Amino acid sequence: RHVGTPCPLLCVIETRRKAYFGQMYDSKGKVLTAPRVMGHNELRDVIEVHNPMLCGNGVPRLVSSLLEHSLNLQQVADSNRPKPVDIATIGESIISKTKDVRKTLSPLYLREPQVRLAGDDETQI
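Scoring rules and cut-offs
Residues take numbers from 1 onward in each chain, read along the sequence in its written order. Totals for whole chains, interfaces and linings use every residue, but because this is a predicted model, local features are given only for residues with pLDDT of at least 70 and side-chain atom pairs only at 80 or more, for both listing and counting. For the side-chain quantities, the full set of heavy atoms in the structure was used; hydrogens and water were omitted. Any carboxyl oxygen of Asp or Glu that lies within 4 Å of a side-chain nitrogen of Lys or Arg is treated as forming a salt bridge with it. Residue exposure (1.4 Å probe, protein chains only): buried if accessible area is under 20% of the type maximum, exposed if over 50%, otherwise partly exposed. Secondary structure elements are defined from DSSP: runs of H or I of at least 4 residues count as helices, runs of E of at least 2 residues count as strands, and each element is numbered from the N terminus. Take the residue count of a helix, subtract one, and multiply by 1.5 Å to get its expected span. Here, the term nonpolar core denotes a set of buried Ala, Val, Leu, Ile, Met, Phe, Trp, Tyr and Cys residues that are joined through side-chain atoms within 4.5 Å. Only heavy atoms matter for contacts: two residues are in contact if any of them lie within 4.5 Å across the pair. When DSSP finds two or more bridges between two strands, those strands count as paired. N or O atoms closer than or at 3.5 Å make up a polar contact, with two conditions inside protein: a donor-capable atom paired with an acceptor-capable one, and, for residues adjacent in sequence, both atoms drawn from side chains. Here, the arc refers to the directions that run from the helix axis to the C-beta atoms.

1. As for the pattern of salt bridges
Next up, step 1: If you walk through the whole model with that rule in mind, you get three salt bridges.
Next up, step 2: The shortest N-O distance in the salt bridge between Glu-42 and Arg-36 comes to 3.0 Å.
Next up, step 3: Look at Glu-42 and you get partly exposed, because its relative accessible area is 33%.
Next up, step 4: As a salt-bridge pair, Asp-45 and Arg-44 come within 3.4 Å of each other at their nearest N and O atoms.

2. Looking at helix α3 (residues 84-98)
Next up, step 1: Over its 15 residues, α3 runs 21 Å from end to end, which matches the ideal 21 Å to within 8%, given 1.5 Å per residue.
Next up, step 2: After α3 finishes, the residue Lys-99 shows a positive phi value of roughly 60°.

3. Details of the nonpolar core
Next up, step 1: Counting 14 residues, the largest nonpolar core has Leu-10, Val-12, Leu-43, Ile-47, Leu-54 and Leu-62 as its most contacted members.
Next up, step 2: Contributing elements (two or more residues each) for this core: β1 (9-14), β2 (20-25), α1 (40-50) and α2 (59-65).
Next up, step 3: Beyond its immediate stretch of four places on either side in the chain, Leu-10 contacts Gln-23, Met-24, Leu-43, Val-46, Ile-47, Pro-52, Met-53, Leu-54 and Cys-55.

4. Section: unusual backbone geometry
Next up, step 1: The backbone phi angle of Arg-16 is positive, close to 65°, even though this residue is not glycine.
Next up, step 2: Along the chain, Arg-16 turns up in the loop between β1 and β2.

5. Points about the pairing of β1
Next up, step 1: In the sheet, β1 pairs with β2 via six bridges, with the strands oriented antiparallel. When the sheet's bridge partners are listed, Cys-11 is paired in β2 with Gln-23.
Next up, step 2: Connecting β1 to the next strand, β2, in antiparallel fashion are five residues, including Arg-16 with a positive phi near 65°.
Next up, step 3: The sheet contact formed by β1 and strand β4 (residues 53-55) spans three bridges and is parallel.

6. A closer look at the side chain of Glu-14
Next up, step 1: Relative to the assigned elements, Glu-14 resides in strand β1.
Next up, step 2: The class of Glu-14 is buried, set by a relative accessible area of 17%.
Next up, step 3: Here Arg-16 takes part through its backbone nitrogen, which lies 3.0 Å from a polar atom of the side chain of Glu-14.
Next up, step 4: Setting aside residues up to four positions removed in sequence, Glu-14 forms contacts with Phe-21, Asn-57, Gly-58 and Arg-61.

7. What about α1?
Along an α-helix, residues three or four apart share an orientation, since each turn contains 3.6 residues.
Next up, step 1: If you check which residues of α1 are buried, you get Leu-43, Arg-44, Val-46 and Ile-47. End-on, the buried residues of α1 take up no more than an arc of 160°, which puts them together on one face.
Next up, step 2: Those residues of α1 that are buried lie in contact with β1, β2, β3 (36-38), β4 and α2.
Next up, step 3: One or two residues past the end of α1 sits Asn-51, with phi positive at roughly 45°.

Worth remembering: the numbers are spatial, not functional.
Structural data, given as structure tokens:
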């Protein structure tokens, strides 16, 4: 959606740990960075340099942790609870552009799992 002055968009997803999942896009939706696990300090640095618009369910926790810093924090309204129609619109756009949903609608894992099934590694117990 149009948010006024064009600026990058930083999506911040909650991990329920100290870190966040983050990825940045330009104002037209073009990917600027690969998705990755980002810590508080790294996100603060990205915000200071790029002054992005923030969106995602990790924004409330991030913003509360950055209150002591004098940052211009811009947020997409209600982005921590996206509307189903917006998600469907994004999905429809992806499908119409790619025609192959297997790659775009598959899980993306940004870190190693903390639990492994027996037989997943070389050591057998």
